[in-house]
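Notes for the structure review
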Amino acid sequence: MNISRTDKFNLRQIILDFPSQFKPGLEAAGKIKIAGPFDKIAVCGMGGSALAGALLQTVISGLKTPEIVIWRNYGLPANLGPKSLVVAVSYSGNTEETLSSFREAANLKTKIVGVSTGGRLEELCRKNNSPFAAIPAKNVPPRDAVPAMFAILMKIFTNAGITPDETLLLLETAKKLRPEKSEKQGKLIAQKIKGKIPLIYASLKWRELAHNWKFRFNENAKIPAFFNVFPELHHNEMAAFEATKPASPYLKNFHVIILEDETENIRLNEGIKIFSGFVKKQKVPVTTIPLEGDNVFEKMFNNLILADWASYWAAINRGLDPTEVKIISEFKKRMAS
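Residues numbered from 1 in each chain as written. Predicted model: local features only at pLDDT ≥ 70, side-chain atom pairs only at ≥ 80, totals over all residues. Heavy atoms only, no water.

Here's the deal with the sheet that holds strand S6 (residues 197–203)
- Spatially, 4 strands are ordered S7-S6-S8-S9 in an open sheet, and the strand pairing comes out parallel. The open sheet has two free edges, formed respectively by strand S7 (226–230) and strand S9 (286–290), since each of these has just one partner strand. Sheet twist, expressed as the average angle between the axes of neighbouring strands with direction ignored, equals 20 degrees.
- Sheet topology places S6 next to strand S8 (residues 254–260); 5 bridges connect them, and they run parallel. Within the sheet, the bridge partner assigned to Ile200 lies in S8 and is Ile257.
- Each of S6, S7, S8 and S9 touches helix H10 (residues 207–221); the most contacted strand, S6, lies at about 165 degrees to it. (Pairing = 2+ DSSP bridges. Helix = DSSP H or I, 4+ residues; strand = E, 2+ residues; numbered from the N terminus. Axes fitted to C-alpha atoms, helices over the stretch in contact; angles between N-to-C directions. Contact = heavy atoms within 4.5 Å.)

Let's talk about helix H11 (residues 266–281)
- Between the first and last C-alpha of H11 there are 23 Å, a value that for 16 residues agrees with the 22 Å anticipated at 1.5 Å per step.
- Buried within H11 are the following residues: Leu268, Asn269, Gly271, Ile272, Phe275, Ser276 and Val279. An end-on view of H11 places all buried positions within 155 degrees of arc, on one side of the element. Set apart from the buried face of H11 by more than 90 degrees, the exposed residues are Ile266, Arg267, Lys273, Ile274 and Lys281. (Expected span 1.5 Å × (residues − 1). Buried < 20%, exposed > 50% of the residue type's maximum accessible area, 1.4 Å probe, protein only. Arc of directions from axis to C-beta.)

Brief notes about a nonpolar patch on the surface
- A cluster of nonpolar side chains, contributed by Tyr74, Phe331 and Met335, occupies part of the molecular surface with about 310 Å² of accessible area.
- Tracing the sequence through the fold places Met335 in helix H13 (residues 326–336). (Patch = residues over 30% accessible without salt bridge, like charges linked within 9 Å, V, L, I, M, F, W, Y side chains within 5 Å. Areas by Shrake-Rupley, 256 points an atom, 1.4 Å probe, with all protein chains shown as cover. Salt bridge = Lys/Arg side-chain N within 4 Å of Asp/Glu carboxyl O.)

Here's the deal with helix H9 (residues 179–192)
- A rise of 1.5 Å per residue sets the reference length of H9, with its 14 residues, at 20 Å; its end C-alpha atoms lie 20 Å apart and thus fit the reference within 8%.
- Among all positions of H9, only Pro179, Ser182, Glu183, Gly186, Ile189 and Ala190 are buried.
- In this fold, the buried residues of H9 make contact with helix H2 (11–16), H10, S8, S9 and helix H12 (296–317).

Some words on the nonpolar core
- In terms of nonpolar packing, the biggest core is built from 80 residues, with Phe150, Phe157, Trp213, Phe217, Leu259 and Phe301 touching the most fellow members.
- Sequence-distant contacts of Trp213, that is, excluding residues within four places in its chain, are made with Ile189, Ile200, Ile257, Leu259, Ile289, Asn303, Leu306, Ala307 and Ala310.
- Membership of the second largest hydrophobic core comes to 15 residues, among which are Phe254, Ile272, Val279 and Val284. (Core = buried A, V, L, I, M, F, W, Y, C linked by side-chain atoms within 4.5 Å.)

Observations regarding a positive patch on the surface
- On the surface, a cluster of positive charge is contributed by Lys8, Lys222, Arg318 and Lys326.
- Summarising the element assignment, Lys326 is placed in helix H13. (Lys, Arg positive; Asp, Glu negative; His and termini not counted. Charge placed at Lys NZ, Arg CZ, Asp CG, Glu CD.)

Remarks on the layout of surface pockets
- Here the largest pocket is characterised by a volume of approximately 1100 Å³.
- Around the largest pocket, the lining is made up of 32 residues, and of these Thr95, Pro142, Glu219, Ile328 and Lys332 lie nearest the centre.
- Mapped onto the lining of the largest pocket, the elements with two or more residues apiece are helix H4 (48–60), helix H5 (96–108), H10 and H13.
- Residues belonging to the lining of the largest pocket are distributed by class as follows: 13 nonpolar, 10 polar and 9 charged.
- In this structure, the second largest pocket spans a volume of roughly 320 Å³.
- Contributing to the lining of the second largest pocket are 15 residues, with Arg178, Ser182, Gln185, Glu292 and Asn302 lying nearest its centre.
- Among the elements that make up the lining of the second largest pocket, the one with the highest residue count is H12 (5 residues).
- Of the residues that constitute the lining of the second largest pocket, the class distribution is 6 nonpolar, 4 polar and 5 charged. (1 Å grid on protein atoms, 1.4 Å probe; cavity = no way out; pocket = protein on both sides within 12 Å on 5 of 7 lines; lining within 4 Å. Points joined across faces, edges and corners; volume = space filled by probe spheres on them. Nonpolar A, V, L, I, M, F, W, Y, C, P; charged D, E, K, R; others polar.)

Regarding the environment of Gly118
- Structurally, the position occupied by Gly118 is in the loop between strand S4 (111–116) and helix H6 (119–128).
- In the structure, Gly118 is positioned 91 residues away from Leu209 in sequence and 27 Å away in space, judged by C-alpha atoms.
- Among all residues touching Gly118, those that are not within four sequence positions of it are Ser92, Gly93 and Phe132.

Here's the deal with the side chain of Thr158
- Within the secondary structure, Thr158 sits in helix H7 (residues 146–159).
- Excluding anything up to four places from it in sequence, Thr158 contacts Thr163, Pro164 and Asp165.

Concerning the pairing of strand S3 (residues 85–89)
- With 5 of 5 residues buried, S3 is to be regarded as a mostly interior element.
- The alternating pattern of S3 places Leu85, Val87 and Val89 and Val86 and Ala88 on opposite faces, both of which are buried.
- Bridge count for strand S1 (residues 40–44) against S3 is 4 bridges, and the pairing is parallel. Considered in S3, the bridge of Ile41 is made with Leu85.
- Judged from the 5 bridges that link them, S3 and S4 form a sheet pairing that is parallel. Across the sheet, residue Val89 finds its bridge partner in S4, namely Val115.

Description of the packing of H10 against H12
- Axis separation between H10 and H12 bottoms out at 8 Å; the angle between their running directions is 25 degrees. Here H10 is positioned roughly parallel relative to H12, judged by the angle of their axes. Crossing handedness for the pair H10 and H12: right-handed. Counted together, Leu209, Asn212, Trp213, Arg216, Phe217, Asn220 and Ala221 of H10 and Met300, Asn303, Leu304, Leu306, Ala307, Asp308, Ala310, Ser311, Tyr312, Ala314 and Ala315 of H12 form the full contact between these two elements.
- Among the residues forming the contact of H10 with H12, the class breakdown is 12 nonpolar, 4 polar and 2 charged. (Parallel < 35°, antiparallel > 145°, perpendicular 65-115°, else oblique. Left-handed = near helix turned anticlockwise from the far one by under 90°.)

Right under this line is the structure:
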């Protein structure tokens, strides 16, 4: 198989370079210091840009911080004002939903920080005298600039006194990440799901990791994929795997992927094991993926890399370029016309 003919933009190398994005990301936001305190924080973005904020929210869950909302929509969430902080994140700088959030934030006189590679968002920051951080990961798909965007957001929050300084731990984690070691596992997962629709499940804590797997399969492999969270799905979606007469004609189309964290609530993990047994009894294949690492950063980023590999090889196996998303580009053109 000549991968270079399919992987025209060399996404494989971008995945291998994943750990190198953190340090430049931290440096890009090093001088941004927004004075608080804040009553509410909104991180506004779409796709990978929103994911970076959601992952940071995962890391700091449990800490005493102002309310943080990840806003994936036009406009802004309710109850923002002069004591609030809006962080507008758009890889291209031209995402219309995020630009609308910036404009509304400017009208409300909230404090705003812009994060992008340039585009209209940088111009708006300049006109509004708002701090701006330039994403250093250029010429990559937006979804693959998540490490840089995460580092930028973490540094902005740290400098503002919203969260403790975990810079050293993040840099130490970057040194431990070995994307080349998990490629084989990702390739195997891609082979397992061939011809199937992936259903990705995780605990509520790791919701955004499951969400990431879903949209990696969507964008890289161009296949439908869906996600849900435990324990909520025990009270609804689990019924889809019930033994029925006649047998369900739908289940043969799916492959279940479960993201497993052995340090989770004991009762939750017991429930996940029971659920997995129900699924297997219906002859639906199940792949369990343990979250590997000694801390939240390692677990999170190791899993992101594995999702990259699985979706990358799912695309290659179909003979598709994993980088191009023609239908999304066409949609944006029509929206702009």
